[in-house]
There are 2 protein chains.
Amino acid sequence: MTETLSPPHRAGPGAPRQAAEAAILAAAERVFGRHGFRGASMNEIAREAGVPKPNIHYYFGTKEELYRSVLENIMTFWLQDADYWLVPERQAQEGFEGYIRAKMAFSRERPDASRIFAYELLQGAGNIHHYLSTTLREHVARRARTFDVWRTERQMPAIDPTHLMFAIWSMTQAYADMSTQMTALTGHAVLRDVDFEAGLQTILRLVLGFCNDIEDRG
Amino acid sequence: MTETLSPPHRAGPGAPRQAAEAAILAAAERVFGRHGFRGASMNEIAREAGVPKPNIHYYFGTKEELYRSVLENIMTFWLQDADYWLVPERQAQEGFEGYIRAKMAFSRERPDASRIFAYELLQGAGNIHHYLSTTLREHVARRARTFDVWRTERQMPAIDPTHLMFAIWSMTQAYADMSTQMTALTGHAVLRDVDFEAGLQTILRLVLGFCNDIEDRG
DNA sequence: GTCTATACGCTGATAGAC
DNA sequence: GTCTATCAGCGTATAGAC
């Protein structure tokens, strides 16, 4: 799966190489997450990874190839939760709650990954356009089928599935992407458990409350 | 108001100067909106504004000072809608609907401004931290008082006002900041009126539906 | 006031010693 | 395979002619 954008020199696996590559990818995720693609420098990534700068080029080729490797890691991670939670076999309430909790956990545990995705979208998503219009599109289509089942079972009202998913993504990812705004408002230096919990409860009330609107609509 | 970060040389008003400054600010908003602060180049701004590059430095000083001028324009704009719509004198439903419509209109009409704000938050908000912890904080405090009145009048349930505002901002701004994701999903080249309308209806149902939850909670 | 020409730092990337 | 030393190019910013 991660072979599609492999380094230019793929001689052998080699334990030291794997360790260096992992360190570089982890450092790259942090640095790209702080500054975006253009703002990040190979120097800073090398320093943070604890390797000489040329080694990064040796392992990953260009800066853009390194960046795309990082993006790929994030993309695969990003989809998993929905296939687990937003499936017709579950109850709607349970599915939405589990999914929203998972998305909030992602914002808390991998904020840099979320920010890299946000930067990429702001830049115009040139590096992931194919992924968005194929993989993510099918991903949303599966959610549409799930919502359709739930609607016929009167577990939720009819709604545009794309825009509903969009709303959930934006609300949950804001706790990573726009955390600076929230910390300035709360006065906390960083977002704490209590902030994530309050945000989670707010989002849950909006989305689960919507599901319960079924009665008002006949 | 916009005097706080004035150009280094403020000899006289002068009609040609004002025209050039306006062209530069407009071009800067577009270019910063596309690439963020680091990714934008003075060359590109100068070309897009139709002025020689040194003139920008002459009028605005450094790149960072130009950037802060653009940010200031955006900030003042950003607050206006809430003071008009989210006030106790209105009905809750009317207030939320008007506010959300205004925020969606902002995403449609000034997407670059919305993106610049998003970039700035992703970068850590170093240029607007003071603004966030003073002006925006008081702004949210006023919303909290409005929601308090509405709650006592049984127009909406109790909720954490900061997180509710955060949710509304993230959902509406996503139609500017993450529009690439939406266009890839819809298949449209750019977001069209029908997309903004569908998004608006989705957000309205989430938020207005929440207000109606008052009955279930006693 | 305005703009051409230029200085100079920092970037990504590589050549070549080990 | 690994890393020191270095290059070419683009970035911001300014000196100085007009």
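Predicted, not measured: the structure shown is a model, and the values here were computed from it.

Structural notes on the pattern of salt bridges
Here is step 1: One pass over the structure, following the stated rule, counts 22 salt bridges over all chains.
Here is step 2: A salt bridge links Arg101(B) to Glu97(B), with the shortest nitrogen-to-oxygen separation between them at 3.2 Å. Taken together, the positions of Arg101(B) and Glu97(B), both in helix H5 (residues 92–109) and four residues apart, correspond to about one turn of that helix.
Here is step 3: Taking the relative accessible area as the measure of exposure, Arg101(B) reaches 37% and is therefore partly exposed.
Here is step 4: Residue classification places Glu97(B) among the partly exposed positions, given a relative accessible area of 28%.
Here is step 5: When the shortest N-O distance is used, the salt bridge between Arg108(B) and Glu109(B) registers 3.9 Å.
Here is step 6: A single network of salt bridges, built from pairs that share partners, joins Arg30(A), Arg34(A), Glu44(A) and Glu48(A).

Regarding the protein's contact with DNA strand D
Here is step 1: Taken together, 16 residues sit near DNA strand D, with Asn55(A), Tyr59(A), Met42(B), Lys53(B) and Lys63(B) positioned nearest.
Here is step 2: In DNA strand D, atoms within 4 Å of the protein come 53% from sugar and phosphate.
Here is step 3: Separating a phosphate oxygen of DNA strand D from a side-chain N or O atom of Tyr59(A) is a distance of 2.8 Å.
Here is step 4: Note that a phosphate oxygen of DNA strand D is positioned 2.7 Å from one of the backbone N or O atoms of Lys63(B).
Here is step 5: At four residues, helix H3 (residues 53–60) of chain A tops the list of elements feeding residues into the surface near DNA strand D.
Here is step 6: Considering only residue class, the surface near DNA strand D consists of eight nonpolar, five polar and three charged.

Here's the deal with the interface of chain B and chain A
A common way to report how large an interface is uses the accessible area buried once the components associate.
Here is step 1: Contacts between chain B and chain A engage 54 residues on the former and 54 residues on the latter.
Here is step 2: Interface area, chain B with chain A, both sides summed: about 5,000 Å², of which 66% is carbon and sulfur.
Here is step 3: On the chain B side of the contact with chain A, Leu122(B), Phe166(B) and Arg205(B) bury the most area, a combined 16% of that side's loss.
Here is step 4: Linking chain B to chain A there are zero salt bridges.
Here is step 5: The interface formed by chain B and chain A contains 12 residue pairs in polar contact (both at pLDDT 80 or more).
Here is step 6: Of all elements in the fold, only helix H1 (15–39), helix H6 (111–122), helix H7 (129–152), helix H8 (161–177), helix H9 (179–186) and helix H10 (193–211) of chain B reach the threshold of two or more residues within the side of chain B that touches chain A.
Here is step 7: Here the element with the most residues in the side of chain B that touches chain A is H8(B); it accounts for 12 residues.

What about the relation of the copies chain B and chain A?
Here is step 1: Note on the identical chains: chain B maps onto chain A by a rotation of 180° and an axial translation of 0.0 Å, with an RMSD of 0.0 Å. Here the symmetry operator amounts to a two-fold rotation axis.
Here is step 2: The overlap is high: 100% of the interface residues of chain B also sit at the interface in chain A, so the same surface is used on both sides.

Let's talk about helix H5 (residues 92–109) of chain A
All names here are of chain A.
Here is step 1: Relative to the 26 Å expected for 18 residues at 1.5 Å per residue, H5 spans 26 Å between its end C-alpha atoms, a close match to the ideal helical length.
Here is step 2: Along H5, the residues classified as buried are Ala92, Gly95, Phe96, Gly98, Tyr99, Ile100, Ala102, Lys103, Met104, Ala105, Phe106 and Ser107.
Here is step 3: Buried residues in H5 make contact with helix H4 (63–85), helix H6 (111–122), helix H7 (129–152), helix H8 (161–177) and helix H10 (193–212).

Concerning the protein's contact with DNA strand C
Here is step 1: The local shell around DNA strand C holds 16 residues, among which Met42(A), Lys63(A), Pro54(B), Asn55(B) and Tyr59(B) are the closest.
Here is step 2: Restricting the count to atoms of DNA strand C within 4 Å of the protein gives a sugar and phosphate share of 58%.
Here is step 3: Within the side chain of Lys53(A), a nitrogen or oxygen atom sits 3.0 Å from a base nitrogen of DNA strand C.
Here is step 4: Here a phosphate oxygen of DNA strand C sits 2.4 Å away from a polar atom, N or O, in the side chain of Asn55(B).
Here is step 5: The set of elements that each furnish at least two residues to the surface near DNA strand C consists of helix H2 (42–49) and H3 of chain A together with helix H3 (53–60) of chain B.
Here is step 6: The greatest single-element share of the surface near DNA strand C, amounting to four residues, is contributed by H3(B).
Here is step 7: Looking at the surface near DNA strand C residue by residue, the class counts come to eight nonpolar, five polar and three charged.

Details of the packing of H1(B) against helix H2 (residues 42–49) of chain B
Any two packed helices are characterised by the angle at which their axes cross and by the distance between the axes.
All names here are of chain B.
Here is step 1: For the pair H1 and H2, the least separation of the axes is 8 Å and the interaxial angle reads 130°. As the angle between them shows, H1 and H2 are arranged oblique. Crossing hand, H1 versus H2: right-handed. Contacts from Ala23, Ile24, Ala27, Ala28, Arg30, Val31, Phe32, Arg34 and His35 of H1 reach H2 at Glu44, Ile45, Glu48 and Ala49.
Here is step 2: A class-by-class count of the residues in the contact of H1 with H2 yields eight nonpolar, one polar and four charged.

Overview of the UniProt feature "DNA-binding region" (unreviewed entry) in chain A
Here is step 1: Look at the UniProt record and you will see "DNA-binding region" (unreviewed entry) annotated at residues 41–60 of chain A.
Here is step 2: A distance of 14 Å separates the end C-alpha atoms of residues 41–60 of chain A, which is 80% helix and 0% strand.

What counts as what
- Residues numbered from 1 in each chain as written.
- Chains lettered and ligands numbered in written order.
- Predicted model: local features only at pLDDT ≥ 70, side-chain atom pairs only at ≥ 80, totals over all residues.
- Heavy atoms only, no water.
- Salt bridge = Lys/Arg side-chain N within 4 Å of Asp/Glu carboxyl O.
- Helix = DSSP H or I, 4+ residues; strand = E, 2+ residues; numbered from the N terminus.
- Buried < 20%, exposed > 50% of the residue type's maximum accessible area, 1.4 Å probe, protein only.
- Near = heavy atom within 4 Å.
- Polar contact = N/O pair within 3.5 Å; in protein donor to acceptor, adjacent residues only side chain to side chain.
- Nonpolar A, V, L, I, M, F, W, Y, C, P; charged D, E, K, R; others polar.
- Contact = heavy atoms within 4.5 Å.
- Buried area = accessible area lost by both parts, 1.4 Å probe.
- Least-squares fit on C-alpha atoms with pLDDT ≥ 70 in both.
- Expected span 1.5 Å × (residues − 1).
- Axes fitted to C-alpha atoms, helices over the stretch in contact; angles between N-to-C directions.
- Parallel < 35°, antiparallel > 145°, perpendicular 65-115°, else oblique.
- Left-handed = near helix turned anticlockwise from the far one by under 90°.
- UniProt positions renumbered as here; feature names shortened; annotations may be inferred.

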